[in-house]
Amino acid sequence: MTKKLLDLSSISFLVVDDNDHMRRVIAQILRSLGAQTIKQAADGAEALAILGDWDADIIIADWLMTPLDGIEFTRMVRTAPDSRNPMAPIIMVTAYSESERITEARDAGITEMMVKPVSPQALYKRIEEVILRPRQFVRCDSFVGPDRHRRSDKNYHGPRRRSHDESENEPADAEPAE
Amino acid sequence: MTALKDREASKHRVKLTPPSYALKSRAPATKRDLSDALNAADQAVVALASEYEEWVREDLATLEAAFDALRASGGAHDAIAAVHDIAHDMSGQGGSFGYPLISTVGASLCKMLRDRETLDGRYLDATAVHIDAMRLIIVRPLKEDGGSEGAQLIAELEKVCLTIES
C-alpha cells in the first residue's frame, strides 16, 4: 500500500531561524506539504514572545541564533514558569552535526533533530515521527523534555544500572561505607 | 538508612507524562501519495534556487568582509566567530538549492575554526582558501557535485586542512 501524506492543514507551525532565506525555504516546504498555519520568528526571543499568546503545535528551530539560541530557547520552552506549552514538540534544524552537539540538543529537551541542508523528505520524516510516535514527557531535576529513549521496554527484567539504583549485591538495609 | 534512601530518591524523583496523541487525531492520512507530495515540495524548493544564487552572492560578500576584519584583527576571537557564523549559515543552505559543495566547504571551514581562540598566519591563509573555493563554486557555477572540477577543488581543500592540522 502506497504511503499517504498526513493532513497537516490543521497543524500550526512556528519556524524559528535568524536567516530569512532559511525560514522561507522551510515555510515553502511546509506549505507544499499542506500546512496552512505557519508563523515565523527571527530568533528565540521573538519566538518566545509569539508563544506568549499563541500555541504552536510543532516548533521548528535553528540552533545558532542571537540573542537567544535554539538551545536556550528550548530550555525556556521546557522549563520557564510561564511557558504555555512546555511539552510542545521541538524539531531542531541545524548545520551542526557532531555527536556532542546532538547530545547537547537532546539534553536541552528537543524532540527531534535534523541536520541542514533541509530536504522535504527529511523534514517530513521528523514531522511524521512527532505526530505518529510521540514519546512520554519526563520531568526531573536534571532533565525536562521528551523521553530520550525512543522506546521503553516494559518487559526488561535485567540489571538496573542507573546510578541511584541499589546495587544487586548490597542488601537494602546495609549501612553506607565510611 | 531510610532517611538517606528517601533523600537520595528525592534527588531522582521523576514525573512522567504519557504521550499525547492529539496531533495524530488531527492529522489523519489524506488520499494523496506521500511520494507525489514530496516531489512537489522538492520542486517548490528548486523554484527558489534562482533566488538562492542571488542571496549566496550577498552572503559571500558578507563573508569576505568578515574575513577582512579577521585579518585586520590579526586573528582575534570575536572576528573568528563572525566568520564561523556566516560560514555556518551558508553551509546549512547550499545543499538545499543544488549547491552541496557550498555546504561541504562551509562545513570544512567551520570545523577548522571551531573552538579556536586565535588564528595564526597558516589558519588565516587556510580560511582564505576556503572562501576562494566558495567564490569559485558560486561564479562558475559548480552545481551538485561540480564534476571533476568540484572533486579536484574538494581534494585540494582536504590537503590544505590535513597540512594545517599536522
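Residues numbered from 1 in each chain as written. Chains lettered and ligands numbered in written order. Predicted model: local features only at pLDDT ≥ 70, side-chain atom pairs only at ≥ 80, totals over all residues. Heavy atoms only, no water.

> Would you take a moment to explain the side chain of H130(B) for this structure?
Relative to the helices and strands, H130(B) resides in helix 7 (residues 121-139). Once you skip the residues sitting within four places of it in the chain, H130(B) turns out to touch V105(B), S108(B), L109(B), M112(B), L157(B) and C161(B). (Helix = DSSP H or I, 4+ residues; strand = E, 2+ residues; numbered from the N terminus. Contact = heavy atoms within 4.5 Å.)

> Teacher, can you tell me more about the interface of chain A and chain B here?
The figure often quoted for interface size is the accessible area lost as the parts come together. Of the residues lining the interface, 51 residues belong to chain A; the matching set on chain B comes to 48 residues. Roughly 4400 Å² of surface becomes buried between chain A and chain B when both sides are summed, with 60% attributable to carbon and sulfur atoms. Summed over the shared surface of chain A and chain B, the result is 4 salt bridges. R24(A) is paired through a salt bridge with E51(B); the nearest N and O atoms lie 2.5 Å apart. Where chain A packs against chain B, one counts 15 residue pairs in polar contact (both at pLDDT 80 or more). Where the side of chain A that touches chain B is concerned, the elements lending two or more residues are strand 1 (4-6), helix 1 (20-32), helix 5 (120-132) and strand 7 (137-140) of chain A. No other element matches helix 1 of chain A, which puts 7 residues into the side of chain A that touches chain B. Looking at the side of chain A that touches chain B residue by residue, the classes come out as 27 nonpolar, 10 polar and 14 charged. Pairing of strand 7 of chain A with strand 1 (residues 15-17) of chain B, which is carried by 3 bridges, proceeds in the antiparallel orientation. Considered in strand 1 of chain B, the bridge of F137(A) is made with T17(B). (Buried area = accessible area lost by both parts, 1.4 Å probe. Salt bridge = Lys/Arg side-chain N within 4 Å of Asp/Glu carboxyl O. Polar contact = N/O pair within 3.5 Å; in protein donor to acceptor, adjacent residues only side chain to side chain. Nonpolar A, V, L, I, M, F, W, Y, C, P; charged D, E, K, R; others polar. Pairing = 2+ DSSP bridges.)

> Is there a simple way to think about the sheet that holds strand 3 (residues 37-41) of chain A in this case?
The strands making up a sheet are joined through hydrogen bonds of the backbone, oriented either antiparallel or parallel. All names here are of chain A. In space, the 5 strands of this open sheet follow the order 3-2-4-5-6, with parallel pairing throughout. For this open sheet the edge positions go to strand 3 and strand 6 (112-115), each flanked by a neighbour on one side alone. With strand direction ignored, the average angle separating the axes of adjacent strands in the sheet is 20°. Where helix 2 (residues 44-51) meets the sheet, it contacts strand 2 (12-16), strand 3 and strand 4 (58-61), and its direction lies at approximately 135° from that of strand 3. Together, strand 2, strand 4, strand 5 (90-94) and strand 6 form the strand contacts of helix 5, whose direction differs from that of strand 6 by roughly 175°. (Axes fitted to C-alpha atoms, helices over the stretch in contact; angles between N-to-C directions.)

> Sorry, what's going on with the nonpolar core here?
Nonpolar side chains in soluble globular proteins generally cluster together in the buried interior. Ranked by internal contacts, the top residues of the largest apolar core, which has 72 residues, are L8(A), F13(A), L30(A), L33(A), I58(A), I60(A) and I127(A). At 9 residues, helix 7 of chain B tops the list of elements feeding residues into this core. The residues touching L30(A), leaving out its near neighbours within four places in the chain, are F13(A), V15(A), A35(A), I38(A), I60(A), L123(A) and I127(A). Listed in part, the 25 residues of the second largest apolar core include I50(A), L51(A), W54(A) and W63(A). (Core = buried A, V, L, I, M, F, W, Y, C linked by side-chain atoms within 4.5 Å. Buried < 20%, exposed > 50% of the residue type's maximum accessible area, 1.4 Å probe, protein only.)

> For this particular structure, what's the right way to read the packing of aromatic side chains?
For any two aromatic rings, the description comes down to two numbers: the centre-to-centre distance and the angle of the planes. All names here are of chain B. Inspection of every chain in the model, using the stated rule, returns 5 aromatic pairs over all chains. Taking the centre distance of 4.8 Å and the plane angle of 10° together, the rings of Y52 and F97 count as stacked. With Y52 in helix 4 (residues 49-73) and F97 in the loop between helix 5 (77-93) and helix 6 (100-113), the pair connects residues that are 45 residues apart, well separated along the chain. An angle of 90° between the planes, with centres 5.4 Å apart, marks the rings of W55 and F97 as edge-to-face. One end of the pair, W55, is in helix 4; the other, F97, is in the loop between helix 5 and helix 6, with 42 residues separating them in the sequence. The same class applies to W55 as to F97, namely buried. Ring pairs connect the aromatic residues Y52, W55, F97 and Y99, which therefore count as one cluster. (Phe/Tyr/Trp six-rings, centres within 6.5 Å; stacked < 30°, edge-to-face > 60°.)

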